[in-house]
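# Summary of structural features
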Amino acid sequence: MARIDAAELLPAARIRQMALEGEITQLHRGDPHATEGDTFVIEETVFEVTNVEHRRLGELTDEDARAEGSPNLEAYKRRIEATHDTEWDDESEVVLHEFESRS
């Protein structure tokens, strides 16, 4: 367990704000950016990483999309494609990082 910089896991200020407001409780990244038990702080609120696991994009669900701030999986796919200037590939490997507020 380590204290990590919130920006390492949640790279955009908008994403950190959404986590602080409880709108985001997980984030998929291309590589692991934390391990289970790591903590990070956003505006004096401490968060703990509760789960880190490798997945394929094709395994994501509407529930995953909502936990990342999108209304459904189709909207999430469009956002990822636009943000990363790439085409969605169900076989692409990603790393799920789930977290929750401890404060």
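Notes on the structure in this doc start here. These figures come from a predicted structure and were not determined experimentally. (Residues numbered from 1 in each chain as written. Predicted model: local features only at pLDDT ≥ 70, side-chain atom pairs only at ≥ 80, totals over all residues. Heavy atoms only, no water.)

### Some words on the sheet that holds strand β3 (residues 45-56)
The strand order β1-β4-β3-β2 describes an open sheet built from 4 strands, whose pairing is antiparallel. Of all the strands in the sheet, the pair left with one neighbour each is β1 (26-29) and β2 (39-42). Between one strand and the next, the sheet's axes are offset by a mean angle of 35 degrees, whatever the strand orientation. Where β2 lies against β3, 4 bridges are found, and the strand directions are antiparallel. Of the residues in β3, the one forming a bridge with I42 is T45. (Pairing = 2+ DSSP bridges. Helix = DSSP H or I, 4+ residues; strand = E, 2+ residues; numbered from the N terminus. Axes fitted to C-alpha atoms, helices over the stretch in contact; angles between N-to-C directions.)

### Quick word on the pairing of β1
Judged by which residues are buried, β1 turns out to be covered on both faces: Q26 and H28 on one side and L27 and R29 on the other are all buried. Relative to strand β4 (residues 93-101), β1 runs antiparallel, the two sharing 4 bridges. Pairing of L27 across the sheet is with H97, part of β4. (Buried < 20%, exposed > 50% of the residue type's maximum accessible area, 1.4 Å probe, protein only.)

### Observations regarding a negative patch on the surface
Negative charge collects at one region of the surface, where E21, E23, E43 and E44 lie side by side. Along the polypeptide, E23 turns up in the loop between α2 (13-20) and β1. The exposure class assigned to E23 is partly exposed, which follows from its relative accessible area of 40%. (Patch = residues over 30% accessible without salt bridge, like charges linked within 9 Å, V, L, I, M, F, W, Y side chains within 5 Å. Areas by Shrake-Rupley, 256 points an atom, 1.4 Å probe, with all protein chains shown as cover. Salt bridge = Lys/Arg side-chain N within 4 Å of Asp/Glu carboxyl O. Lys, Arg positive; Asp, Glu negative; His and termini not counted. Charge placed at Lys NZ, Arg CZ, Asp CG, Glu CD.)

### Some words on the packing of aromatic side chains
In this structure the tally under the stated criterion is 4 aromatic pairs. Measuring from ring centre to ring centre gives 5.2 Å for F40 and F47, while their planes differ by 5 degrees; the resulting arrangement is stacked. Like F40, the residue F47 is buried in the burial classification. Between Y76 and W88 the ring centres are 5.9 Å apart and the planes differ by 80 degrees, which places this aromatic pair in the edge-to-face class. Residue Y76 is located in helix α4 (residues 73-84), and its partner W88 is located in the loop between α4 and β4; the two are separated by 12 residues in the primary sequence. What makes Y76 buried here is its relative accessible area of 3%. (Phe/Tyr/Trp six-rings, centres within 6.5 Å; stacked < 30°, edge-to-face > 60°.)

### Side note on α4
Its 12 residues place the ends of α4 16 Å apart at the C-alpha level, agreeing with the 16 Å of an ideal helix rising 1.5 Å per residue. Buried residues of α4: L73, A75, Y76 and I80, and no others. All buried residues of α4 fall inside an arc of 155 degrees around its axis, so they share one side. Exposed residues on α4 whose side chains face more than 90 degrees from its buried face are R78 and A82. Close packing links the buried residues of α4 with β1 and α3 (62-67). The N-terminus of α4 is capped by N72, whose side-chain oxygen sits 3.2 Å from the backbone nitrogen of E74. (Expected span 1.5 Å × (residues − 1). Arc of directions from axis to C-beta. Contact = heavy atoms within 4.5 Å. Polar contact = N/O pair within 3.5 Å; in protein donor to acceptor, adjacent residues only side chain to side chain.)

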